[in-house]
There are 2 protein chains.
Amino acid sequence: MADASNFDIKRPGEEDEVHQATSKALVNGISSVNPGWFSEFSPMWPGEAHSLKVEKMLFQGESEYQNIMIFQSATCGKVFVLDGVIQATERDACSYQEMIAHLPLCSIPNPKKVFVIGGGRGGLLREVARHSSVEQIDICEIDGMVVEVCKQFFPDLAAWYDDPRVTLHVGDGAAFLNAVPECTYDAVIVDSSDPLGPAQHLFEKPFFESVAKALRPGGVVCTQAETIWLHMHIIEDIVSHCRQIFKGSVNYAWTTVPTYPSGVIGFLLCSTGGQAVDFRNPVNPIEDNDSKNVPLKFYNKEIHSASFCLPSFAKKVIDSKSK
Amino acid sequence: MADASNFDIKRPGEEDEVHQATSKALVNGISSVNPGWFSEFSPMWPGEAHSLKVEKMLFQGESEYQNIMIFQSATCGKVFVLDGVIQATERDACSYQEMIAHLPLCSIPNPKKVFVIGGGRGGLLREVARHSSVEQIDICEIDGMVVEVCKQFFPDLAAWYDDPRVTLHVGDGAAFLNAVPECTYDAVIVDSSDPLGPAQHLFEKPFFESVAKALRPGGVVCTQAETIWLHMHIIEDIVSHCRQIFKGSVNYAWTTVPTYPSGVIGFLLCSTGGQAVDFRNPVNPIEDNDSKNVPLKFYNKEIHSASFCLPSFAKKVIDSKSK
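Residues numbered from 1 in each chain as written. Chains lettered and ligands numbered in written order. Predicted model: local features only at pLDDT ≥ 70, side-chain atom pairs only at ≥ 80, totals over all residues. Heavy atoms only, no water.

Notes on the overall build of chain A
Of the regular secondary structure elements, chain A holds ten helices and 14 strands. Sorting the 323 residues of chain A into buried and exposed places 63% on the buried side. Contacts in chain A between residues at least 24 apart in sequence constitute 67% of all its contacts with a sequence separation of at least 6. For chain A, the exposed surface amounts to about 12,000 Å²; the carbon and sulfur share of it is 51%. (Helix = DSSP H or I, 4+ residues; strand = E, 2+ residues; numbered from the N terminus. Buried < 20%, exposed > 50% of the residue type's maximum accessible area, 1.4 Å probe, protein only. Contact = heavy atoms within 4.5 Å. Areas by Shrake-Rupley, 256 points an atom, 1.4 Å probe, with all protein chains shown as cover.)

In structure tokens:
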């Protein structure tokens, strides 16, 4: 057996140099020291990074709000990146898109009017459009360049902007919601990026107050709510806000998305006062009834209910904020 | 709006150089081009890599079977690595250890004799030992150096080797199982590494035949069964083998482990003929009844049942092999 050897890989005084070298060597995640790889570093997941091999860079540009990048990866299909953070890959976007749409829409009977914030690629529109009861889909994307670029590089998804039920509004979703009459929507879906950058206000109390006002009694919201492994402090805050604001139920669900930090992402599902909503037991099964639609890859009724079951460490914290 | 620009990050003829540069620059995952970071590359997850910041290297050595490394990471506690692949981190090992132990042991009444393959760190022993009905725990670890090193660097976990019910056998678990009388064990738990290297035969048919023989009627096995996002071909094979060999039930479950490739890991749970086992509805609730034990962090009855609910893409393949 070899001797156990102890040595310090970080020599004294070296840490700052390493940090600087790492930041200098990366421009929006594209590494100059590891050519051909994209690496995802962020203060939201310090000390770790996920990397994907880049086959071909398809687009890089600076919008008014953020850096936008799309590349063809070696094993995850096309990858869509905002400010150096992966938003979607063709391999695993099915989980996120299907769950963020069907968790709320399968939980209420006959959803008709749906408001979507973010989701500029169009995949989320496809999922909402699966519901034949839906008559109106308003989507608010703050960054017009995201929509334009996605139309170019994800044409199959962006084709859903042409669904006659869909109206695109380029602008701030929170401001838009504030301006609509009370009780306008049956469901609001918030497909936001992380609370660093243009999506920060979508995690704050005034935003949830606008959502509650824009929903009809017994209406539902589903919002991206980070990961139980890394961001319990963010989750605690939004659960606390929503418990005060939404008079119906407030539930946390989660799903697997391999290319998101920690490999999972959560959703907060809330309902306004009025007809009670039992998110864990969906009342509105989804049907593949539109010939334009590809089959569901991820969502089913069993996984809907299972997504509300939490590990003990997360359940303890979330339950304490929910009551 | 910026113009969309198309350019190929990989220049002609460069790919092989990049591959060579990547392999040369990494020795068991420790990067010489990105100093202070561990990166996990493997042909089992081509085109992607997860990296952790190393605070202090604690141990590196070559055993008869594999390279063993333990380091203190910046944000995941101590990390245990075999042949450049993360086996456990202090941040997320709770999910894997608790699920691989309690999914089988909570599914049968009064487990008494348990056989464990692998799991050299000792955390799995702690979970098995939580069950007060258990009288005998035989553990077979092929690599004695793993046990010695873990006793040094994970003393709290390795303390469970001293539980009077535990007997350690250093050697091949498959050979050991072949030699025990038929119907010896109530449960077998196979905490194997990936099927590249010393664990390869633990994914093959003769091994599962040995397991079935060593189990009593109505006994159960739980084996590490890779990830639905990357390894459906491996999962299909082991489900097929087990469906032929185990006359009771064969079920696939999964859980989140952020530092494993794709962020999830699966388990195959099988029972021998005899008293029927309904893995989805545990009959043997776990109690924190040993004062030496830390509380359960992850496992609970709800998450036990939920872990058997699969995304549609995986359910379709696994169900087709299960019937």
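And the narrative resumes.
Section: the UniProt feature "domain: PABS" (unreviewed entry) in chain A
Per the UniProt record, "domain: PABS" (unreviewed entry) is annotated on residues 35–272 of chain A. When the span residues 35–272 of chain A is considered, its composition is 27% helix and 36% strand, and the gap between its end C-alpha atoms is 50 Å. (UniProt positions renumbered as here; feature names shortened; annotations may be inferred.)

Thoughts on the layout of surface pockets
All names here are of chain A. Empty space within the largest pocket amounts to approximately 390 Å³. For the largest pocket, the lining is made up of 21 residues, of which Arg126, Asp156, Leu157, Val294 and Lys297 are closest to its centre. If you list the elements that add at least two residues to the lining of the largest pocket, you get α2 (93–105) and α5 (155–158). Per-element accounting of the lining of the largest pocket gives the leading share, four residues, to α2. Classifying every residue of the lining of the largest pocket gives ten nonpolar, two polar and nine charged. (1 Å grid on protein atoms, 1.4 Å probe; cavity = no way out; pocket = protein on both sides within 12 Å on 5 of 7 lines; lining within 4 Å. Points joined across faces, edges and corners; volume = space filled by probe spheres on them. Nonpolar A, V, L, I, M, F, W, Y, C, P; charged D, E, K, R; others polar.)

Some thoughts on the packing of helix α7 (residues 205–214) of chain B against helix α8 (residues 232–245) of chain B
All names here are of chain B. Between α7 and α8, whose axes approach to 10 Å, the crossing angle comes to 40°. The element α7 and its partner α8 pack so that their crossing is right-handed. Note on element contacts: α8 touches α7 through Ile238, His241, Cys242, Gln244 and Ile245, opposite Lys205, Phe208, Glu209 and Ala212. For the contact of α7 with α8, a count of residues per class yields five nonpolar, two polar and two charged. (Axes fitted to C-alpha atoms, helices over the stretch in contact; angles between N-to-C directions. Left-handed = near helix turned anticlockwise from the far one by under 90°.)

Focus on the pattern of salt bridges
All names here are of chain A. This structure, assessed with the given rule, holds 14 salt bridges over all chains. With a shortest N-O distance of 2.9 Å, Arg165 and Asp163 are connected by a salt bridge. Side by side, Arg165 and Asp163 carry an identical accessibility label, which is buried. Residues Lys315 and Asp319 are paired through a salt bridge, measuring 3.3 Å at the closest nitrogen-oxygen approach. In this pair, Lys315 and Asp319 both sit in helix α10 (residues 312–322), four residues apart, roughly one turn of the helix. We classify Lys315 as partly exposed; its relative accessible area is 31%. Judged by relative accessible area, Asp319 falls into the partly exposed class, the value being 26%. What emerges from the salt-bridge pattern is a single network uniting Arg126, Glu127 and Arg130. (Salt bridge = Lys/Arg side-chain N within 4 Å of Asp/Glu carboxyl O.)

Things to note about the sheet that holds strand β13 (residues 250–256) of chain B
Residues and elements named next belong to chain B. Reading across from one edge, β10-β9-β8-β11-β12-β14-β13 is the order of the seven strands in this open sheet, with mixed pairing throughout. Of all the strands in the sheet, the pair left with one neighbour each is β10 (166–170) and β13. Ignoring strand direction, the axes of neighbouring strands in this sheet form an average angle of 15°. Bridge analysis of strand β8 (residues 113–118) against strand β11 (residues 185–191) gives five bridges, and the strand direction is parallel. (Pairing = 2+ DSSP bridges.)

Here's the deal with the sheet that holds strand β8 (residues 113–118) of chain A
Residues and elements named next belong to chain A. Strand order in the open sheet formed by seven strands is β10-β9-β8-β11-β12-β14-β13, and the pairing between neighbours is mixed. The open sheet has two free edges, formed respectively by β10 (166–170) and β13 (250–256), since each of these has just one partner strand. On average, each strand axis in the sheet is tilted by 15° relative to the strand beside it, whichever way the strands run. Sheet analysis places β8 next to strand β9 (residues 136–141), joined by five bridges and oriented parallel. Counterpart to Ile117 in the pairing with β9 is Cys140. The sheet contacts of helix α8 (residues 232–245) involve β13 and β14 (264–271), and relative to β14 the element is tilted by about 10°.

Regarding the UniProt feature "active site" (unreviewed entry) in chain A
Residues and elements named next belong to chain A. UniProt records the feature "active site" (unreviewed entry) at Asp191, using the numbering of this structure. Note on placement: Asp191 falls in strand β11 (residues 185–191). Excluding anything up to four places from it in sequence, Asp191 contacts Tyr96, Ile100, Ile117, Gly118, Gly119 and Leu124. Of the polar contacts made by the side chain of Asp191, one reaches the side chain of Tyr96; its length is 2.6 Å. (Polar contact = N/O pair within 3.5 Å; in protein donor to acceptor, adjacent residues only side chain to side chain.)

Comments concerning the pairing of β14 of chain A
Residues and elements named next belong to chain A. Counting buried positions over the eight residues of β14 gives eight, a clear majority of the element. What you see with β14 is no split at all: Val264, Gly266, Leu268 and Cys270 on one side and Ile265, Phe267, Leu269 and Ser271 on the other are buried throughout. Note: strand β12 (residues 215–224) against β14, five bridges, orientation antiparallel. By the bridge assignment, Val220 is partnered in β14 with Ser271. Strand direction decides the pairing type here: β13 and β14, joined by seven bridges, are antiparallel. By the bridge assignment for β14, Asn251 is matched with Leu269.

Section: the confidence of the model for chain A
All names here are of chain A. Mean pLDDT over chain A: 88, with 87% of residues reaching 70 or higher. Across chain A, the element-wise mean pLDDT spans from 41 in helix α1 (residues 15–25) up to 98 in β14. Segment residues 1–24: pLDDT under 50, and 35 contacts once partners within four positions in sequence are set aside and those in other chains are kept. Taken over the whole predicted complex, pTM reads 0.90, whereas the ipTM for its chain interfaces reads 0.89. (pLDDT = per-residue confidence, 0-100.)

Some thoughts on unusual backbone geometry
Look at Asn110 of chain A: it is not a glycine, yet its phi comes out positive at around 55°. Phi angles above zero are rare outside glycine, and Glu226 of chain B is one such case at about 55°. Along the polypeptide, Glu226 of chain B turns up in the loop between β12 (215–224) and α8. Residue Glu226 of chain B is classed as buried on the basis of its relative accessible area of 2%.

Re the packing of aromatic side chains
All names here are of chain A. Applying the stated rule across the entire model yields 24 aromatic pairs over all chains. With centroids separated by 5.4 Å and ring planes inclined at 40°, the aromatic side chains of Phe38 and Phe71 adopt a geometry described as tilted. With Phe38 in strand β3 (residues 37–40) and Phe71 in strand β5 (residues 67–73), this pair connects stretches of sequence that are 33 residues apart. The exposure class assigned to Phe38 is buried, which follows from its relative accessible area of 0%. A residue is classified by how much of its surface remains accessible, and Phe71, at 0% relative accessible area, is buried. Ring geometry for Phe115 against Phe176: centres 5.2 Å apart, planes inclined by 5°, an arrangement best described as stacked. (Phe/Tyr/Trp six-rings, centres within 6.5 Å; stacked < 30°, edge-to-face > 60°.)

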